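Residues per chain are reported as follows:
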Amino acid sequence: MTESLDPIDILLVEDDPGDVLMTKEAFEHHKIRNTLSVVADGVEALQFLRREAPYEDAPRPGLILLDLNLPRMDGREVLSEIKASPDLRTIPVVVLTTSEAEEDILRSYDLHANAYVTKPVDFDRFVEVVRQIDDFFVTVVKLPR
């Protein structure tokens, strides 16, 4: 069903190289046609989204996958900045993190995350979760252009 839809740009904000690799492999495994851009911390994420150097030519993502535990600026701060910005707040943000702490879940939704997903440690399950996120946000949900 995804095949007939236009691909979207997805921004992955993730500092763990292993999780970045698994996400890329999940895209390849399920032949997800969306473009995946990756930044490793919260400061880079905001530079990317605001098209500041060195990201002047960055595409506007249709979806953001955001880890909470990031260097320099954590995911909660990034989420807060995104949702406070009139230019960025319409971009759906899926918090994709290892934290199962109730306070992180509540805080993420308080900051207007569109979804909160705990990363599975099992590779096959992780791949399936990435596929489900893609299916939902690209196939089911109508995203703003």
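Residues numbered from 1 in each chain as written. Predicted model: local features only at pLDDT ≥ 70, side-chain atom pairs only at ≥ 80, totals over all residues. Heavy atoms only, no water.

*Asks:* Break down the nonpolar core for me, citing the residues and quoting the values.
*Replies:* Counting residues in hydrophobic clusters, the biggest one holds 24 residues, and the most contacted among them are Val 13, Leu 49, Ile 64, Leu 66 and Ile 82. When residues of this core are traced back to their parent elements, those giving at least two are β1 (9-13), α2 (42-50), β3 (63-66), α3 (75-84) and β4 (93-97). Broken down by element, the residue count for this core peaks at four residues, all from α2. Excluding residues that lie within four positions of it along the chain, Leu 66 makes contacts with Val 13, Gly 75, Val 78, Leu 79, Val 93, Val 94, Val 95 and Leu 96. Within the second largest apolar cluster, 21 residues are counted, among which are Leu 12, Ala 26, Phe 126 and Val 138. (Core = buried A, V, L, I, M, F, W, Y, C linked by side-chain atoms within 4.5 Å. Buried < 20%, exposed > 50% of the residue type's maximum accessible area, 1.4 Å probe, protein only. Helix = DSSP H or I, 4+ residues; strand = E, 2+ residues; numbered from the N terminus. Contact = heavy atoms within 4.5 Å.)

*Asks:* How would you sum up the packing of helix α1 (residues 17-29) against helix α5 (residues 123-140)? Please name residues and give values.
*Replies:* Where α1 meets α5, the closest approach of the two axes is 9 Å, and the angle between their N-to-C directions is 65°. When you trace α1 past α5, the crossing you get is right-handed. Where α1 abuts α5, its residues Asp 19, Met 22, Thr 23, Glu 25, Ala 26, Phe 27 and His 29 lie against Phe 123, Phe 126, Val 127 and Val 130. Looking at the contact of α1 with α5 residue by residue, the classes come out as seven nonpolar, two polar and two charged. (Axes fitted to C-alpha atoms, helices over the stretch in contact; angles between N-to-C directions. Left-handed = near helix turned anticlockwise from the far one by under 90°. Nonpolar A, V, L, I, M, F, W, Y, C, P; charged D, E, K, R; others polar.)

Interpretation in functional terms is not warranted from these geometric data alone.
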